[in-house]
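Per-entry structural report
Spelled out from the first residue to the last, the chains are:
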Amino acid sequence: MAKPVKADSPSKQLDSFLAKYNPEIASLARRALAKMRKRLPGSLEMVYDNYNALAIGFVPNERPSDAIFSIALYPSYVVLFFLQGAGLPDPHRRLQGSAKVVRSVRLETAGTLDDPEIVSLMNTALHRAKVPLDPKQPRRLIIKSISPKQRPRRPPEDLR
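Described in the following lines is the structure provided in the data block. Not measured: the values here are computed from a predicted model.

A word on helix 2 (residues 23–39). An ideal rise of 1.5 Å per residue puts 24 Å on 17 residues; helix 2 measures up with 24 Å between its terminal C-alpha atoms. Residues of helix 2 that are buried include every one of I25, A26, L28, A29, A32, L33 and M36, and no others. The arc enclosing the buried residues of helix 2, seen along the axis, measures out at 160 degrees, which places them on a common side. For helix 2, exposure combined with an orientation more than 90 degrees from the buried face picks out P23, E24 and K38. Summarising the contacts, the buried residues of helix 2 are in contact with helix 1 (10–18), strand 2 (54–59), strand 3 (69–73), strand 4 (78–82), strand 5 (103–107) and helix 3 (116–128).

In structure tokens form, the structure reads like this:
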């Protein structure tokens, strides 16, 4: 069972989580996070260093169930999750997944977040969010949990 952690500052902890990934994945994630922070003023960032992935959720409040987006890092790729994305109109068929609620887009580069089709999907998701972001709310980074057991954060060929 993952449990909350008190240690370094949340920012330093997030840096240490990112450092477990190969430099390309960590760099892509850092650039994606910078773009998300700029695009989503007023969001809280909830960090989950889970068994399968490192996930950073963008939430209007401290209720994880109200999260709108998350960036998740896997050993070989980074994904933008639309956490309330199942009902989004997607005329260009950019969203992946068939779950009841969540959809995703793999980030080939951080520039994927600037793609007009992705920007449109994000704007629609923000407009339809159960709880809107308050742009006046200060940004906070909250480390929610760290799983004691984790899959390797680098692909097998990087672990040699």
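Picking up where we left off.
Of the pockets and cavities examined, the largest pocket occupies roughly 190 Å³. Every residue lining the largest pocket is counted, 14 residues in all, and those nearest its centre are Y48, A55, G57, S70 and L83. Where the lining of the largest pocket is concerned, the elements lending two or more residues are strand 1 (44–49), strand 2 and strand 3. Looking at the lining of the largest pocket element by element, the count peaks at three residues for strand 2. Tallied by class, residues from the lining of the largest pocket come to eleven nonpolar, three polar and no charged.

With mixed pairing, six strands are arranged side by side in an open sheet as 5-4-3-2-1-6. Each end of this open sheet is capped by a strand with a single partner; those strands are strand 5 and strand 6 (140–146). Each neighbouring strand pair of the sheet contributes to a mean axis angle of 20 degrees, computed without reference to strand direction. In the sheet, strand 3 pairs with strand 4 via five bridges, with the strands oriented antiparallel. What sits directly across from I71, in strand 4, is L80.

Attention shifts here to unusual backbone geometry. Phi angles above zero are rare outside glycine, and R93 is one such case at about 55 degrees. Along the chain, R93 falls in the loop between strand 4 and strand 5.

What follows covers the nonpolar core. With 37 residues, the main nonpolar core has F69, I71, L73, L80 and F82 as its most contacted residues. Taken together, the elements giving at least two residues each to this core come down to helix 1, helix 2, strand 2, strand 3, strand 4, strand 5, helix 3 and strand 6. In terms of residues, this core owes the most to one element, helix 2, which gives seven residues. Residues A53, Y74, V79 and F81 belong to the second largest nonpolar core, which totals five residues.

Let us look at the packing of aromatic side chains. This model, assessed by the stated rule, comprises two aromatic pairs. Ring centres of F69 and F82 lie 5.5 Å apart, and the angle between their planes is 75 degrees; on these two criteria the pair is classed as edge-to-face. One end of the pair, F69, is in strand 3; the other, F82, is in strand 4, with 13 residues separating them in the sequence. Residue F69 is classed as buried on the basis of its relative accessible area, which comes to 0%. Residue F82 is classed as buried on the basis of its relative accessible area of 1%. The interplanar angle of 25 degrees and the centroid separation of 5.0 Å between the aromatic rings of Y74 and Y77 together place this pair among those described as stacked. Just above the ring of Y77 sits the side chain of R106; from NZ or CZ to the centre is 3.7 Å.

This paragraph deals with helix 1. Every buried residue belonging to helix 1 is among Q13, L14, F17 and L18, and all of these are buried. Across the axial projection of helix 1, the buried residues extend over an arc of 140 degrees, all falling on one side. Looking at the buried positions of helix 1, the neighbouring elements they touch are helix 2, strand 1, strand 2, strand 3 and strand 6.

How each quantity is defined
- Residues numbered from 1 in each chain as written.
- Predicted model: local features only at pLDDT ≥ 70, side-chain atom pairs only at ≥ 80, totals over all residues.
- Heavy atoms only, no water.
- Helix = DSSP H or I, 4+ residues; strand = E, 2+ residues; numbered from the N terminus.
- Expected span 1.5 Å × (residues − 1).
- Buried < 20%, exposed > 50% of the residue type's maximum accessible area, 1.4 Å probe, protein only.
- Arc of directions from axis to C-beta.
- Contact = heavy atoms within 4.5 Å.
- 1 Å grid on protein atoms, 1.4 Å probe; cavity = no way out; pocket = protein on both sides within 12 Å on 5 of 7 lines; lining within 4 Å.
- Points joined across faces, edges and corners; volume = space filled by probe spheres on them.
- Nonpolar A, V, L, I, M, F, W, Y, C, P; charged D, E, K, R; others polar.
- Pairing = 2+ DSSP bridges.
- Axes fitted to C-alpha atoms, helices over the stretch in contact; angles between N-to-C directions.
- Core = buried A, V, L, I, M, F, W, Y, C linked by side-chain atoms within 4.5 Å.
- Phe/Tyr/Trp six-rings, centres within 6.5 Å; stacked < 30°, edge-to-face > 60°.
- Lys NZ or Arg CZ within 6 Å of the ring centre and 35° of its normal.

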